[in-house]
Amino acid sequence: MLSNNLRTHHVNMVVTTSKQVSNTKHPELCVWLQDVAISRDKLAFSKLFKWFAPRIKQFGIKQFNNEAQALELVQETMTNIWRKAHLYHADKGAPTTWMYSIMRNMSFDMLRKIQTQRTESISDDIWPTDNILVSEDIDNFEDHLQSRNLKALLNHLPEKQKQVVVGLFYKQVTQEQLAQQLNLPIGTVKSRLRLALNKLRQLMGDSDD
């Protein structure tokens, strides 16, 4: 399903940008790109930005239906154009084709990242949040977490689970405060804590063998 969605978006991007390129003839773009590539000319880059940014934003809104993500696409695309201007060669194609290719690839990467984040969010939130941890579980681990051995085991946790354990047990913040700091639902914090403590139990059992 994910790969099919990505392919559909990729086809849409090719069709859209091909139309835009075919209707665009701006020889000055070559000059501006060369000025950026050769002398890192900020004035030339500002002209590129003024010409290209509105088109990227419009494209991004169509692809993501989200203005914030469209603006992120503008920033990432223009940053790549600044960095890679030296790779453009006028004899190999139109500047619009080259720039739209960068935009298209960046949009594809952003879409893949969004899909991955959604999958991770689902995996975090599938656990029941009611009575997910009883106070006895937490109290027992508060004693264990003071030991050097268990501190070392934290490095075996996935980074997101480790982040929750460190915040709750070592930085002494509440689950609600940690949820606010990480900009996560409270249920996600609880589910990560549950997974982390289960993983630590397994690691402690292995270390005792």
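Residues numbered from 1 in each chain as written. Predicted model: local features only at pLDDT ≥ 70, side-chain atom pairs only at ≥ 80, totals over all residues. Heavy atoms only, no water.

## A few points about the nonpolar core
Here is step 1 of the chain: If you look at the biggest cluster of nonpolar residues, it comprises 29 residues, and the most contacted ones within it are Leu48, Phe52, Leu73, Met78, Ile81 and Met99.
Here is step 2 of the chain: Among the elements of the structure, α2 (28-39), α3 (42-64), α4 (67-84) and α5 (95-125) are those that each provide at least two residues to this core.
Here is step 3 of the chain: Membership of the second largest hydrophobic core comes to 16 residues, among which are Leu154, Val165, Phe169 and Val189. (Core = buried A, V, L, I, M, F, W, Y, C linked by side-chain atoms within 4.5 Å. Buried < 20%, exposed > 50% of the residue type's maximum accessible area, 1.4 Å probe, protein only. Helix = DSSP H or I, 4+ residues; strand = E, 2+ residues; numbered from the N terminus.)

## Side note on the confidence of the model for the protein
Here is step 1 of the chain: The predicted model of the protein has a mean per-residue pLDDT of 76, with 69% of residues at 70 or higher.
Here is step 2 of the chain: Segment residues 1-24 is flagged for pLDDT under 50; beyond a separation of four residues in sequence, or across chains, it makes 26 contacts in the model.
Here is step 3 of the chain: pLDDT under 50 marks residues 127-136. Its contacts with residues more than four places away, or in other chains, come to twelve contacts. (pLDDT = per-residue confidence, 0-100. Contact = heavy atoms within 4.5 Å.)

## Observations concerning the environment of Leu197
Here is step 1 of the chain: Position of Leu197 relative to the elements: it lies in helix α10 (residues 186-208).
Here is step 2 of the chain: For the pair Leu197 and Gln161, spaced 36 residues apart in sequence, the C-alpha to C-alpha distance is 8.9 Å.

## Describing the pattern of salt bridges
Here is step 1 of the chain: If you walk through the whole model with that rule in mind, you get two salt bridges.
Here is step 2 of the chain: Glu67 is the salt-bridge partner of Lys57, the closest N and O atoms lying 3.2 Å from each other. Residue Lys57 is found in helix α3, and its partner Glu67 is found in helix α4; the two are separated by ten residues along the sequence.
Here is step 3 of the chain: Judged by its relative accessible area of 29%, Lys57 is partly exposed. (Salt bridge = Lys/Arg side-chain N within 4 Å of Asp/Glu carboxyl O.)

## Some words on unusual backbone geometry
Here is step 1 of the chain: The residue Arg40 is not glycine, and still its phi comes out positive at about 50°.
Here is step 2 of the chain: Position of Arg40 relative to the elements: it lies in the loop between α2 and α3.
Here is step 3 of the chain: Positive phi values are uncommon outside glycine, yet Asn183 reaches one of about 55°.
Here is step 4 of the chain: Note on placement: Asn183 falls in the loop between α9 (175-182) and α10.

## Digging into α3
Here is step 1 of the chain: Where α3 bends most, the angle comes to about 35°, and this point is Phe52, followed within four residues by the proline Pro54.
Here is step 2 of the chain: Listed as buried for α3 are Ala44, Phe45, Leu48, Trp51, Phe52, Ala53, Ile56, Phe59, Gly60, Gln63 and Phe64.
Here is step 3 of the chain: Near the N-terminus of α3, the side chain that reaches the backbone nitrogen of Leu43, with its oxygen 2.9 Å away, is that of Asp41.
Here is step 4 of the chain: In the segment just after α3, Asn65 is the residue with positive phi, at about 55°. (Bend = angle between axes of the 7 residues up to and from the residue. Polar contact = N/O pair within 3.5 Å; in protein donor to acceptor, adjacent residues only side chain to side chain.)

## So, the packing of aromatic side chains
Here is step 1 of the chain: According to the stated counting rule, one finds five aromatic pairs in the structure shown.
Here is step 2 of the chain: Centre to centre, the rings of Trp51 and Phe52 are 5.9 Å apart; their planes meet at 20°, and the pair counts as stacked. Of the two residues, Trp51 and Phe52, both sit in the buried class.
Here is step 3 of the chain: Above the face of the Trp82 ring, Arg40 is positioned so that its terminal group lies 4.3 Å from the ring centre. (Phe/Tyr/Trp six-rings, centres within 6.5 Å; stacked < 30°, edge-to-face > 60°. Lys NZ or Arg CZ within 6 Å of the ring centre and 35° of its normal.)

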